[in-house]
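# A closer look at the structure
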Amino acid sequence: MTVEELRGCPLFRDIVPEDLQAMLGCLSAREAAPRRGDFILRTPDAHPLLGVVLEGEVEMISEDSFGKKSLLSVLPVGSIFGESYTCAKARNRTIAYQARTHSRVLLLDYGRILHACKLVCRFHHRMIENMVELIAEKNLTLVEKLEVVSRTTIREKLLTYLARQAEAAGARTFTIPMGRTALAEYLCTDRSAMTRELARMRDEGLIDYIPNRGCFAKGFTKQDVEDIYAVREALEEMAVRWAVARITEDEIKEMEEQCDLMEFYTRKKDKKKVMEMN
């Protein structure tokens, strides 16, 4: 790694070259070059480290006590990782950082960032300010994901996600930053069911895409998605009114059994079953 390379990272913004050189020793900096699929950090087992992506991409993955993994975010060059869960000392969940591609990362001693050394290095305060800004930006990204995965159906999740991508690209044609397997993990849904929904959306003229390229066209804006939801809300309200007027006792009983089963699978955290029954 070079000083010029570090100056291009948001974490080191407004830190002069001579301070950057001194910083590497003060923060016990070391470079790692994980290959695709290699794990870089895993909390809470890892030594408290802060990572910076110098090259490639890193996935932030959550793993529950049953071994179920969920893709939280894909971190591009310049991103930091490991800061939130290290600082919070979260011991009840596993967060792993895995190289999505062949990558290079810079690892820093997190404790030495938070606590100024005896030399009172002048770059410390500037770095902490930069880090707080980056943490805030990452939190906004996770809030956006929460908005996506909180949608009820696979189609709604896809529509919301693709609308976000179109907004970020500033165009109706854009390339998503992940393949179908990673996208299904990000949306917390089944890959096969998601693929079928994508095909239906293409047949209906909502989207078009190039298979295995991750390139989507005929995108839509946030207003398009809101309009779709408004139409759907009106149709569902009308459907409920008609159903109430025509429903039989047997059908009510069947619906109650369906709700009980969905509640059962929800408690078991079987997302696939819940989505199938929805």
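In this report, we go over the structure that sits alongside the text.

Rules of the game
- Every residue gets a number counted from 1 within its own chain, in the order that chain's sequence is written.
- The model is predicted, so local features are restricted to residues of pLDDT at least 70 and side-chain atom pairs to those at 80 or more, both for listing and for counting; the totals for chains, interfaces and linings are taken over all residues.
- Based on all heavy atoms of the structure, the side-chain values leave hydrogens and waters out of the count.
- Every helix listed is a DSSP run of H or I at least four residues long, and every strand listed is a run of E at least two residues long, numbered separately from the N terminus.
- Relative accessible area decides the class of each residue, using a 1.4 Å probe on protein chains only: under 20% of the type maximum gives buried, over 50% gives exposed, and in between gives partly exposed.
- Any two residues having at least one pair of non-hydrogen atoms within 4.5 Å are treated as being in contact.
- Accessible areas in this description were obtained via Shrake-Rupley with a 1.4 Å probe; residue shielding takes into account the shown protein chains only.
- At least two bridges found by DSSP between two strands are what make those strands a pair.
- Fitted lines through C-alpha atoms give the axes, limited to the stretch in contact for helices. The angle between two N-to-C directions lies from 0 to 180 degrees.
- Grid points spaced at 1 Å and placed over the protein atoms alone form the basis of the search, with a cavity being a set where a 1.4 Å probe fits but cannot get out and a pocket an open set showing protein on both sides within 12 Å along at least five of seven lines. Lining residues have an atom within 4 Å of a point.
- Grid points are joined across faces, edges and corners, and a volume is the space filled by probe spheres set on the points.
- Three categories are distinguished: nonpolar for Ala, Val, Leu, Ile, Met, Phe, Trp, Tyr, Cys and Pro, charged for Asp, Glu, Lys and Arg, and polar for the others, with Gly belonging to the last.
- The rule is short: rings of Phe, Tyr and Trp, with Trp giving its six-membered ring, pair when the centres are within 6.5 Å, and they are stacked under 30 degrees, edge-to-face over 60, tilted in between.
- Two conditions define a charge sitting above a ring: the NZ of Lys or the CZ of Arg must be within 6 Å of the ring centre, and it must be within 35 degrees of the ring normal.
- Should a side-chain nitrogen of Lys or Arg be within 4 Å of a carboxyl oxygen of Asp or Glu, the pair is scored as a salt bridge.
- Each patch groups residues whose relative accessible area exceeds 30% and which form no salt bridge, using 9 Å between like charges and 5 Å between nonpolar side chains of Val, Leu, Ile, Met, Phe, Trp and Tyr.

### Section: the overall build of the protein
If you tally the helices and strands in the protein, you get 11 helices and 11 strands. Considering the protein as a whole, with its 278 residues, one finds that 38% of them fall into the buried category. Look at the contacts in the protein between residues 6 or more apart in sequence, and 69% of them connect residues 24 or more apart. Looking at the protein as shown, the accessible area adds up to about 16,300 Å², and 53% of this sits on carbon and sulfur atoms.

### Considerations on the side chain of lysine 138
With respect to the element layout, lysine 138 can be found in helix H5 (residues 123–149). Those residues in contact with lysine 138 that sit more than four places away from it in its chain are Leu75, Ile80, Phe81 and Glu83.

### Let's talk about the sheet that holds strand E2 (residues 39–43)
The four strands are arranged E2-E7-E4-E5 in an open sheet whose pairing can be described as antiparallel. In the strand order of this sheet, the two ends are held by E2 and strand E5 (69–75), each with one partner. On average, each strand axis in the sheet is inclined to that of its neighbour by 20°, with strand direction left out of account. Sheet topology places E2 next to strand E7 (residues 94–99); four bridges connect them, and they run antiparallel. Paired with threonine 43 across the bridge in E7 is isoleucine 95.

### Regarding the layout of surface pockets
To find leftover empty space, one rolls a probe the size of a water molecule over the atoms. When its volume is computed, the second largest pocket comes out at roughly 630 Å³. Breaking the lining of the second largest pocket down by element, the ones donating at least two residues are E5, H5 and helix H6 (154–169). Here the lining of the second largest pocket takes seven residues from H5, the largest share from any one element. Residue composition of the lining of the second largest pocket, grouped by class: 14 nonpolar, five polar and seven charged.

### Focus: the packing of aromatic side chains
Per the stated rule, a full pass over the model turns up two aromatic pairs. Measuring from centroid to centroid gives 5.2 Å for phenylalanine 81 and tyrosine 97, while their planes differ by 40°, and the two rings are tilted. With phenylalanine 81 in strand E6 (residues 80–81) and tyrosine 97 in strand E7, the pair connects residues that are 16 residues apart, well separated along the chain. The pair phenylalanine 81 / tyrosine 97 is uniform in exposure class, with both members buried. Sitting over the face of the ring of phenylalanine 39, arginine 42 holds its NZ or CZ atom 4.5 Å from the ring centroid. Across from the ring centre of tyrosine 186, 4.9 Å away, lies the NZ or CZ of lysine 145, which sits over that ring.

### Some details on the pattern of salt bridges
Counting across every chain of the model gives 14 salt bridges. In this structure, arginine 151 engages glutamate 147 in a salt bridge whose closest nitrogen and oxygen atoms are separated by 3.7 Å.

### Comments concerning the pairing of strand E4 (residues 58–63)
Burial analysis of E4 places five of its six residues in the buried class, the great majority of the element. Across six bridges, the pairing between E4 and E7 is antiparallel. What sits directly across from isoleucine 61, in E7, is alanine 96.

### Thoughts on a nonpolar patch on the surface
Together, Ile247, Ile252 and Met255 line one region of the surface with nonpolar side chains, adding up to about 230 Å² of accessible area. By the element assignment, methionine 255 lies in helix H10 (residues 249–267).

### Brief notes about the sheet that holds strand E3 (residues 49–55)
Whenever strands of a sheet pair, they do so through backbone hydrogen bonds, lying parallel or antiparallel. Taken together, the four strands give an open sheet; going across it, the order is E1-E8-E3-E6, and neighbouring strands pair in antiparallel fashion. Two strands in the sheet have a free side with no partner beyond their single neighbour: strand E1 (30–32) and E6. Where E3 lies against E6, two bridges are found, and the strand directions are antiparallel. In the strand pairing of E6, glycine 51 is matched with phenylalanine 81.

### Regarding the environment of glycine 37
One can find glycine 37 in the loop between E1 and E2. Sequence-wise, glycine 37 and arginine 100 are 63 residues apart; in three dimensions their C-alpha atoms are separated by 6.0 Å. Residues in contact with glycine 37, not counting those within four places in the same chain, are Gln98 and Ala99.

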